[in-house]
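Coordinate inspection notes
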Amino acid sequence: QVQLVESGGGLVQPGGSLRLSCAASGSIFNINAMGWYRQAPGKQRELVAHTGGSTIYADSVKGRFTISSDNAKNTLLLHMNSLKPEDTAVYYCNLKGWDVSLRYLEVWGQGTLVTVSS
């Protein structure tokens, strides 16, 4: 079984910064891609940033957010700068890949809340 555990969320003032972390553990054979998604109250879950064969950012976060990974540690980071109130959401980590039985899997973390407010 593969698990994702996010951390780093919290309350920050507009213009501030946060770093989210996602640690993957379990029977992972190969990671195809990992990414961050977010869901604001009353809205659908949306892609924030995704890394795999290429790195993709949502237009709303380009130039402010940076996604990075430590493959040796199966850890995904999201550096968020110049935060805006509209960035307030629950942020979810996502992994796509294969387990040790070579079964394709997609896993979601439990989410971490980011609140941007003065």
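Just above sits the structure.
This text gives an overview of the structure that appears in the document. (Residues numbered from 1 in each chain as written. Predicted model: local features only at pLDDT ≥ 70, side-chain atom pairs only at ≥ 80, totals over all residues. Heavy atoms only, no water.)

Observations regarding the overall build of the chain
Scanning the chain from terminus to terminus reveals zero helices and 11 strands. Along the chain, helices (α) and strands (β) appear in the sequence β-β-β-β-β-β-β-β-β-β-β when read from the amino end. Taken against the 2.2 N^0.38 rule, which gives 13 Å for 118 residues, the C-alpha radius of gyration of the chain at 14 Å falls within 12% of a compact globule. Seen through its principal axes, the chain has C-alpha atoms that stretch 50 × 25 × 25 Å. Within the chain, residue pairs in contact and separated by at least 24 positions form 57% of the contacts whose partners lie at least 6 positions apart. When the accessible surface of the chain is totalled, it reaches about 6400 Å², and 48% of it is carbon and sulfur. The centroid of the 10 positive side-chain charges in the chain is displaced by 2 Å from the centroid of its 8 negative side-chain charges. (Helix = DSSP H or I, 4+ residues; strand = E, 2+ residues; numbered from the N terminus. Rg over C-alpha atoms; globule rule 2.2 N^0.38 Å. Contact = heavy atoms within 4.5 Å. Areas by Shrake-Rupley, 256 points an atom, 1.4 Å probe, with all protein chains shown as cover. Lys, Arg positive; Asp, Glu negative; His and termini not counted. Charge placed at Lys NZ, Arg CZ, Asp CG, Glu CD.)

Thoughts on the nonpolar core
Side chains of a nonpolar character, in soluble globular proteins, are inclined to be buried together. Counting residues in hydrophobic clusters, the biggest one holds 29 residues, and the most contacted among them are Leu 4, Trp 36, Val 48, Phe 65, Leu 78, Met 80 and Tyr 91. Met 80 has contacts with Gly 16, Ser 17, Leu 18, Leu 20, Arg 64, Phe 65, Tyr 91 and Val 114, leaving out every residue within four places of it along the chain. (Core = buried A, V, L, I, M, F, W, Y, C linked by side-chain atoms within 4.5 Å. Buried < 20%, exposed > 50% of the residue type's maximum accessible area, 1.4 Å probe, protein only.)

Structural notes on the layout of surface pockets
A volume near 190 Å³ is recorded for the largest pocket. Along the wall of the largest pocket there are 13 residues; nearest its centre are Arg 38, Ala 40, Lys 43, Glu 46 and Glu 86. Its residues assigned to classes, the lining of the largest pocket comprises two nonpolar, four polar and seven charged. Considering only enclosed or pocket space, the second largest pocket measures out at about 160 Å³ in volume. (1 Å grid on protein atoms, 1.4 Å probe; cavity = no way out; pocket = protein on both sides within 12 Å on 5 of 7 lines; lining within 4 Å. Points joined across faces, edges and corners; volume = space filled by probe spheres on them. Nonpolar A, V, L, I, M, F, W, Y, C, P; charged D, E, K, R; others polar.)

What about unusual backbone geometry?
Not every positive phi belongs to a glycine, and Ser 82 is a case in point at roughly 50°. Position of Ser 82 among the secondary structure elements: in the loop between β8 (75–80) and β9 (89–99). Ser 82 sits in the partly exposed class, given a relative accessible area of 41%.

Thoughts on the pattern of salt bridges
Tallied over the full model, the rule gives six salt bridges. Among the salt bridges present, the one from Glu 46 reaches Arg 38, with a minimum N-O distance of 2.7 Å. Judged by its relative accessible area of 37%, Glu 46 falls in the partly exposed class. Of the charged contacts, one joins Asp 59 and Lys 62 as a salt bridge, the two residues approaching to 3.1 Å between their closest N and O atoms. (Salt bridge = Lys/Arg side-chain N within 4 Å of Asp/Glu carboxyl O.)

Structural notes on the state of the cysteines
Chemically, a disulfide is nothing more than a covalent bond linking the sulfur atoms of two cysteines. One pass over the full model with this rule turns up one disulfide. Paired by a disulfide, Cys 22 and Cys 93 hold their sulfur atoms 2.1 Å apart. With the S-S bond torsion at -80°, the cross-link from Cys 22 to Cys 93 turns out left-handed. Pair noted here: Cys 22 is in strand β3 (residues 18–26) and Cys 93 is in strand β9, with a separation of 71 residues, a long-range link. Taking relative accessible area as the criterion, Cys 22 reaches 0% and is therefore assigned buried. (Disulfide = S-S within 2.5 Å.)

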